[in-house]
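Okay, here's what each chain looks like letter by letter:
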Amino acid sequence: MSGTVLFTGTATAIGGRNGHSQTSDGSVSVDLGMPKNGVLDSGKTTPEHLFATGYAACFGSAVEAVGHQKKLDVTGAAVTVAVSLVKGDDGFSLAAKLSLKAPALTPEQTQEVLEAAHQMCPYSKATRNNIPVELSVG
């Protein structure tokens, strides 16, 4: 994907439905699930932040669900969703990279959970064939 990268941010979730998103330069960050006074700071929150953070929270929940289904210990599992917004010759495009680190699982089990959670996560389903998503263990 070529073009000008307008946003690069990561969102993380350790289990549960919370997420945190921050731009690569650290200038803007936002938390989902525990907004200040119940309201997100709309002056600093971009759609990309909400997408990255929501994706991380959704993916974290999917990891927990898959672990429960497969009777695997996903305690301490951490997910990372890296999102890039790029402006190219043909307009704007988003890409995401999903990473899973699960200390209690073997690399093979982690890969299995990663792939199953990606299939289960509503964000993945909603964006399938619309944005490229890369899966990564570790």
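Quick caveat, the model's predicted, so the values are computed rather than measured.

Caption draft 1: Region of the structure containing the pattern of salt bridges. Summed over all chains, the structure comprises two salt bridges. Where Glu112 meets Lys70, a salt bridge forms, and the shortest distance between an N and an O atom there is 3.1 Å. In this pair, Glu112 sits in helix α2 (residues 107–120) while Lys70 sits in the loop between α1 (47–69) and β4 (78–88), placing the two residues 42 residues apart along the sequence.

Caption draft 2: Unusual backbone geometry, seen in detail. With a phi angle near 55 degrees, Lys71 is a residue other than glycine that sits in the positive phi range. Structurally, the position occupied by Lys71 is in the loop between α1 and β4. Note on Lys71: relative accessible area 75%, which makes it exposed. Here Asn129, not a glycine, exhibits a phi torsion of approximately 70 degrees, which is positive. With respect to the helices and strands, Asn129 occurs in the loop between α3 (122–127) and β6 (133–137).

Caption draft 3: Fine view of the state of the cysteines. Going through the model one piece at a time under the given rule, you end up with one disulfide. For Cys58, the disulfide goes to Cys121, at an S-S distance of 2.5 Å. Of this pair, Cys58 sits in helix α1 while Cys121 sits in the loop between α2 and α3, and the two are 63 residues apart along the sequence. Using a relative accessible area of 14% as the deciding quantity, one classes Cys58 as buried.

Caption draft 4: Quick peek at the packing of α1 against α2. Running from amino to carboxyl end, α1 crosses α2 at an angle of 120 degrees, the nearest separation of the two axes being 8 Å. Classified by the angle between their axes, α1 and α2 sit oblique to one another. Taken as a pair, α1 and α2 cross one another with a handedness that is right-handed. Contacts between α1 and α2 involve Tyr55, Phe59, Ala62, Val63, Ala65, Val66 and Gln69 from the first element and Val113, Leu114, Ala116, Ala117, His118 and Met120 from the second.

Caption draft 5: Examining the side chain of Ser124 more closely. Tracing the chain through its elements places Ser124 in helix α3. Note on Ser124: relative accessible area 1%, which makes it buried. Apart from residues no more than four positions distant in its own chain, Ser124 is found in contact with Tyr55, Leu98 and His118.

Caption draft 6: Spotlight on the environment of Lys70. Lys70 gets classed as partly exposed once you look at its relative accessible area, which sits at 36%. For the pair Lys70 and Val113, spaced 43 residues apart in sequence, the C-alpha separation works out to 8.6 Å.

Caption draft 7: Geometry of the nonpolar core. In this structure, Tyr55, Phe59, Val63, Leu100 and Val113 are the most contacted members of the largest nonpolar core, which totals 25 residues. Only α1, β4, β5 (91–101) and α2 provide two or more residues apiece to this core. It is α1 that contributes the most residues to this core, nine residues altogether.

Caption draft 8: Looking closely at the pairing of β4. Judged from the 11 bridges that link them, β4 and β5 form a sheet pairing that is antiparallel. Looking at β5, one finds that Gly88 is bridged to Gly91. Hairpin connection from β4 to β5: two residues lie between these consecutive antiparallel strands.

Procedures and definitions
- The written sequence of each chain sets the order in which its residues are numbered from 1.
- Thresholds applied to this predicted model are a pLDDT of at least 70 for local features of residues and 80 or more for the giving and counting of side-chain atom pairs; totals over whole chains, interfaces and linings are not thresholded and use all residues.
- Excluding hydrogens and water, the side-chain figures rest on all heavy atoms present in the structure.
- Salt-bridge detection follows one rule: a side-chain nitrogen of Lys or Arg within 4 Å of a carboxyl oxygen of Asp or Glu.
- Elements are defined by DSSP. Helices are runs of H or I of four residues or more, strands are runs of E of two residues or more, and each kind is numbered from the N terminus.
- Think of it in three bands: residues with accessible area under 20% of the maximum for their type are buried, residues over 50% are exposed, and the middle band is partly exposed, with areas taken using a 1.4 Å probe on protein chains only.
- Pairs of cysteine sulfur atoms within 2.5 Å are identified as disulfides in what follows.
- The axes are straight lines fitted to the C-alpha atoms, using for helices just the contacting stretch, and the angles between their N-to-C directions are given from 0 to 180°.
- Roughly parallel covers angles under 35 degrees, roughly antiparallel covers those over 145, roughly perpendicular covers 65 to 115, and oblique covers all other angles.
- Throughout, a crossing is termed right-handed when the near helix is turned clockwise from the far one, and left-handed when it is turned anticlockwise from it by less than a right angle.
- When checking whether two residues touch, look at their non-hydrogen atoms; a contact exists if any pair is within 4.5 Å.
- Think of a nonpolar core as a cluster: buried Ala, Val, Leu, Ile, Met, Phe, Trp, Tyr and Cys residues, connected wherever their side-chain atoms sit within 4.5 Å.
- At least two bridges found by DSSP between two strands is the condition for calling them paired.

Function cannot be read off these values alone, since they describe shape.
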